[in-house]
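# Residue-level structure breakdown
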Amino acid sequence: MASSNTSPKTLSRDSSSRCRVPGSPDWTKLALRILQDSPDYLTRLPGIVKALYHLGTDLGKAISLNLNLGCCGKTYYISDNSSLYTELLHNPGRKVEAGLIPIDTDILSSTKQLFNKLGLPCSRNIMIVNPLGWPLISPIIIKDPGLKSSHCLDLGSYKVLPGGLHPLQGFSLAGECLQLSSKTLDTKIELRGFRIENSHTQISSSKTLQLDVYKGENWIAGVWKKSSITLLDKYGEGSLEIKTPFYETPIAMLYPYRFVEQVILEGEFTTVALSAGYEGKSIAIGSQHPFLVRVEPGKLEIKYNRSIRIGPGGPLTALRLAVEDSIIHKPIEYCAEGLAHIRSSNSIVLIYDVDPDTLVLRLLAYSPVRDGVAEIRVRAPIRQAFIDDCRGREQILFQHELGRIPLPWGSWYKVEIDVRKPLFKFKKYTK
């Protein structure tokens, strides 16, 4: 890691490689780009100090700051030889372009080699697997003409699968997809008082899967349980208009490592995760790629790149939808017994690497909304475990095969777990 005395102009893009993990917005890349192009904008981004620290610099050295005591909502900075500072919270910038690093489920294919080394049984199946620490909120759309599963609707070149897939479990690809009905219906897509105004028709429905498929001018959308939506644009860029029940809209937008809430009459936001509305009457919007939201009284206009996911919920749901959008779903050979069970409370937890040679599992855990916890239960005894926040690495204690990691608000950890061969045959864990 670069030292804190490194000039931001001389920092290389390799400086942030340790902190670039699948399933996370690339905050260090954002910080590096702003340092090189428009450092004044740093003072508009709450949470950016942590990304700068990961780069090996600090806010006091990145930009010349003066003491401004101000009043009446004005923010002040302090910068001295000890690099003391306070972050801007008043009138934060509304443009945060930091896409998520994709999660390739191919990494879970190596679980069969890991199981063999541990002496654990492995019934290999071809599956679509969830690498995240929560049941999938949104349906899955895969461009794979040859994919077959009793869990999918067939759109020809696209297949649509429902949400609800549990952590580190999979949909078997045995069986045949349900065929599309030729009947089309003009129906509305509504969520908690929010309604998509774009012209569209319902082209398929399955009561068994609780899954509907809609077609717009250039897009297809899977709607699961009449609520969560995965929308895929066939031509790369699309737009949506959503009617809302609010004159002034409460907005929670993702900034580096955290969300910031504000109530506005109108304005524009660029982000990968945003929620609109009050608790109990709000929608969450997330995408792997930054999207633009224009807020007006009673209306949201969204311009997105490739795909976007929408569901009922607040800021945590919005970021979970963005993380789900970053998964590269593909058929993989996976042990049906399941590698482990991971669970996230008020947080984001996912597995991003399985190394069968060293018997190491690597996970990412972070908490952008409030204090949370990650729970990990592995199907083999844990030899040792470490957390790394890009500023240092320390060992944490796990009991046998179970571990819990406290995640304070704004925390961001890589987790490394070394496992060993069990002395006795372990029972299969159930959810």
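Heads up: these notes are all about the structure in this document. Everything quoted here is computed from the prediction, not taken from an experiment.

Here we take up the state of the cysteines. Overall, the coordinates contain three disulfides when judged by the stated rule. The disulfide bridge from C122 ends at C335, spanning 1.9 Å between sulfur atoms. On the sign convention where negative is left-handed, the bridge of C122 and C335, at about -90 degrees about the S-S bond, is left-handed. Highlighted residues: C122 in the loop between α4 (111–118) and β2 (124–129) and C335 in strand β20 (residues 332–335), separated in sequence by 213 residues. The exposure class assigned to C122 is partly exposed, which follows from its relative accessible area of 22%. The disulfide that involves C152 links it to C177, with 1.7 Å between the sulfurs. Because the torsion about its S-S bond is -45 degrees, the bridge between C152 and C177 counts as left-handed. On the criterion of sequence distance, the pair formed by C152 in the loop between β3 (140–143) and β4 (153–154) and C177 in the loop between β6 (170–172) and β7 (178–179) is long-range, its members being 25 residues apart. The residues C152 and C177 share a single accessibility class, namely buried.

What follows deals with the sheet that holds strand β21 (residues 340–345). Pairing in this open sheet of three strands is antiparallel, and the strands run β21-β24-β27 from one edge to the other. The sheet is open, and its two borders are formed by β21 and β27 (402–407), each paired with just one other strand. On average, each strand axis in the sheet is tilted by 10 degrees relative to the strand beside it, whichever way the strands run. Bridge count between β21 and strand β24 (residues 372–378): six bridges; the pairing is antiparallel.

What follows is about α4. Among all positions of α4, only T111, K112, L114, F115 and L118 are buried. Each buried residue of α4 sits inside an arc of 160 degrees when the element is viewed along its axis, so together they form one side. In this structure, the buried residues of α4 make contact with β2, β20, β22 (348–355), β23 (360–366) and β28 (412–419).

As a further point, take helix α5 (residues 315–325). Among the eleven residues in α5, eleven count as buried, and that is most of the element. For α5, the full list of buried residues reads P315, L316, T317, A318, L319, R320, L321, A322, V323, E324 and D325.

Attention shifts here to the nonpolar core. Grouped together as the largest cluster of nonpolar side chains are 84 residues, with contacts concentrated most on I229, I285, I302, L319 and V323. Residues within four places of I229 in sequence aside, it is in contact with S138, P139, I189, L191, I196, A221, G222, V223, I308, R309 and I310. The next biggest cluster of nonpolar side chains, apart from the first, holds 36 residues, and it includes I382, A385, V415 and I417.

Aromatic rings in a pair are described by how distant their centres are and how their planes are angled relative to each other. A full pass over the atoms with the stated rule returns three aromatic pairs. Through a chain of ring-to-ring contacts, the aromatic side chains of F194, F246 and Y278 assemble into a single cluster. Here K50 stacks its cationic end above the ring of Y257, 5.0 Å away from the centre of that ring. Between R393 and the ring centre of F386, over which it is positioned, the NZ or CZ distance is 3.9 Å.

Cut-offs and rules
Residues numbered from 1 in each chain as written. Predicted model: local features only at pLDDT ≥ 70, side-chain atom pairs only at ≥ 80, totals over all residues. Heavy atoms only, no water. Disulfide = S-S within 2.5 Å. Helix = DSSP H or I, 4+ residues; strand = E, 2+ residues; numbered from the N terminus. Buried < 20%, exposed > 50% of the residue type's maximum accessible area, 1.4 Å probe, protein only. Pairing = 2+ DSSP bridges. Axes fitted to C-alpha atoms, helices over the stretch in contact; angles between N-to-C directions. Arc of directions from axis to C-beta. Contact = heavy atoms within 4.5 Å. Core = buried A, V, L, I, M, F, W, Y, C linked by side-chain atoms within 4.5 Å. Phe/Tyr/Trp six-rings, centres within 6.5 Å; stacked < 30°, edge-to-face > 60°. Lys NZ or Arg CZ within 6 Å of the ring centre and 35° of its normal.

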